[in-house]
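A closer look at the structure
The lines below spell out each chain.
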Amino acid sequence: MTTRRVRARRGEGALLREEILRAAEELLAESGTEDALTVRAVALRAGVSTPSVYLHFADKEALVEAVCMRVWGELGRLFTENLGGDPFLALGKCARAYARFALDHPVQYRVLMMRPSAAPGVPPAAAEAFRHMVDAVSACVRTRVLEGDPEELALGLWSAVHGYVSLLIAQPAFPWPRDREALLDHVVRQAGFGAAMYSRLPRGLPPSAELAACLDDFGTRLAARGGGEHPSV
């Protein structure tokens, strides 16, 4: 049910914008797709005229992006909660939190991170997500568990986690394992340990048989020291 809103008084523009966003958020939750967020439908739900919506949002794309950004602050909170303590363990926790956040908000993630932005420059959502990842990686570089440029390392790790969630969101019919958490754990550990090793590898790697023997020896020595006691890495 919708009601016609009384014309906003001077200084009430921010309130009207919030009401429009709240109405759009309701439509998004009900429909599960951004296709439902037409300017007309949002105006009807908010009880305002279509021109009133255009006073605050240039077009449908701007409205959809603004609605989706409303959940993005939660991502920063999740990173903050998981930082601290051993930085490598914290990095793994942050990567898992990122993936779970994306899968909990698939429509918003798809809109903000899986399609080209209509506006020029780096989209705010991508810039913020990358900054959080760089912060987590920088702590690992300071303790030398990772070596190299934090931004370059963060790009690789971010790409791995983004690939995991993007595939799950875009290809739901694929026969994924039932245990999605186990798959996420595999992706995070592979990316994290891979980054730790890759930053130390020589440019001219030995032949594959020799490399395999070196890795076997390295794994055996780590296991002997209790390296398998940290499944949350």
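The residue numbers shown here count from 1 along each chain, following its written sequence. Restriction of local features to residues with pLDDT of at least 70 applies here, the model being predicted, together with a cutoff of 80 or more for giving and counting side-chain atom pairs; totals for whole chains, interfaces and linings are based on all residues. Where side-chain values are given, they derive from all heavy atoms of the structure, hydrogens and water being excluded.

All right, on to the overall build of the chain then. Numbered from the N terminus, helices here are DSSP runs of H or I no shorter than four residues, and strands are runs of E no shorter than two. The helix and strand tally for the chain stands at eleven helices and zero strands. Seen in sequence order, the chain has helices and strands lined up from the N terminus as α-α-α-α-α-α-α-α-α-α-α. In this setup the radius of gyration rests on C-alpha atoms only. A globule is expected at 2.2 Å times the number of residues raised to 0.38. Against the compact-globule benchmark of 17 Å for 233 residues, the chain has a radius of gyration of 23 Å, which places it well outside the compact range. Over its C-alpha atoms, taken along the principal directions, the chain stretches across nearly 75 × 40 × 30 Å.

As a further point, take the confidence of the model for the chain. Chain-level statistics for the chain give a pLDDT mean of 88 and a share of 91% at 70 or above. Scored from 0 to 100, pLDDT reflects the predictor's confidence in each residue. Residues count as neighbours in contact if any of their non-hydrogen atoms are within 4.5 Å of one another. Across residues 1-11, where pLDDT falls below 50, the model places 14 contacts with residues more than four positions away in sequence or in other chains.

Now for the pattern of salt bridges. Between Lys or Arg on one side and Asp or Glu on the other, a salt bridge is scored when a side-chain nitrogen of the former is within 4 Å of a carboxyl oxygen of the latter. Scanning the entire structure with this criterion turns up 14 salt bridges. For Glu30, the salt bridge identified is with Arg45, shortest N-O distance 2.9 Å. Within this pair, whereas Glu30 is found in helix α1 (residues 13-31), its partner Arg45 is found in helix α2 (residues 39-46), the two being separated by 15 residues in sequence. For every residue, the accessible area (1.4 Å probe, protein chains only) is compared with the maximum for its type, and the residue is labelled buried under 20%, exposed over 50%, or partly exposed between those bounds. On the accessibility criterion, Arg45 (25% relative accessible area) is partly exposed. The partner of Arg77 in a salt bridge is Glu74, with the nearest N and O atoms 3.8 Å apart. Separated by three residues within a single helix, Arg77 and Glu74 lie in helix α5 (residues 73-82), roughly one turn from each other. Exposure remark for Glu74: the relative accessible area of 31% places this residue in the partly exposed category. Several salt bridges converge on common partners, so that one network encompasses Glu18, Arg22, Glu25 and Arg70.

Here the focus is empty space enclosed by the protein. The rule is simple: put a 1 Å grid over the protein atoms alone, call a set of points where a 1.4 Å probe fits but cannot get out a cavity, call an open set with protein on both sides within 12 Å along at least five of seven lines a pocket, and count a residue as lining if it has an atom within 4 Å of a point. Grid points are joined across faces, edges and corners, and a volume is the space filled by probe spheres set on the points. Under the counting rule described, the total for this entry stands at one cavity of 30 Å³ or more. In this model, the largest cavity occupies a volume close to 110 Å³. Taken together, 14 residues line the largest cavity, and the ones lying closest to its centre are Leu91, Gly92, Leu157, Val188 and Gly192. Breaking the lining of the largest cavity down by element, the ones donating at least two residues are α6 (87-104), α9 (150-170) and α10 (180-198).

A few words now on α5. Of the residues making up α5, those classed as buried are Leu75, Gly76, Leu78 and Phe79. Each buried residue of α5 sits inside an arc of 160° when the element is viewed along its axis, so together they form one side. Of the exposed residues in α5, the ones pointing more than 90 degrees away from its buried face are Thr80 and Glu81. On the buried face of α5, the contacting elements are α6 and α8 (124-142). Note on α5: the residue one or two positions beyond its end, Gly84, has a positive phi of about 115°. Relevant arc is that of directions from the helix axis to the C-beta atoms, nothing else.

A few words now on the packing of aromatic side chains. Note on aromatic pairs: each is described by the distance of the centres and the angle between the planes. Ring geometry is summarised as follows: Phe, Tyr and Trp rings, the Trp one being its six-membered ring, pair when their centres sit within 6.5 Å, and such pairs are stacked at plane angles under 30 degrees, edge-to-face over 60 and tilted between the two. For the coordinates displayed, the defined rule picks out six aromatic pairs. Aromatic pair Phe88 and Phe193: ring centres 5.4 Å apart, planes at 75°, arrangement edge-to-face. Taken together, the positions of Phe88 in helix α6 and Phe193 in helix α10 put the pair 105 residues apart, joining distant regions of the chain. When its relative accessible area of 11% is taken as the criterion, Phe88 is described as buried. On the basis of relative accessible area, Phe193 is assigned to the partly exposed category, the value being 36%.

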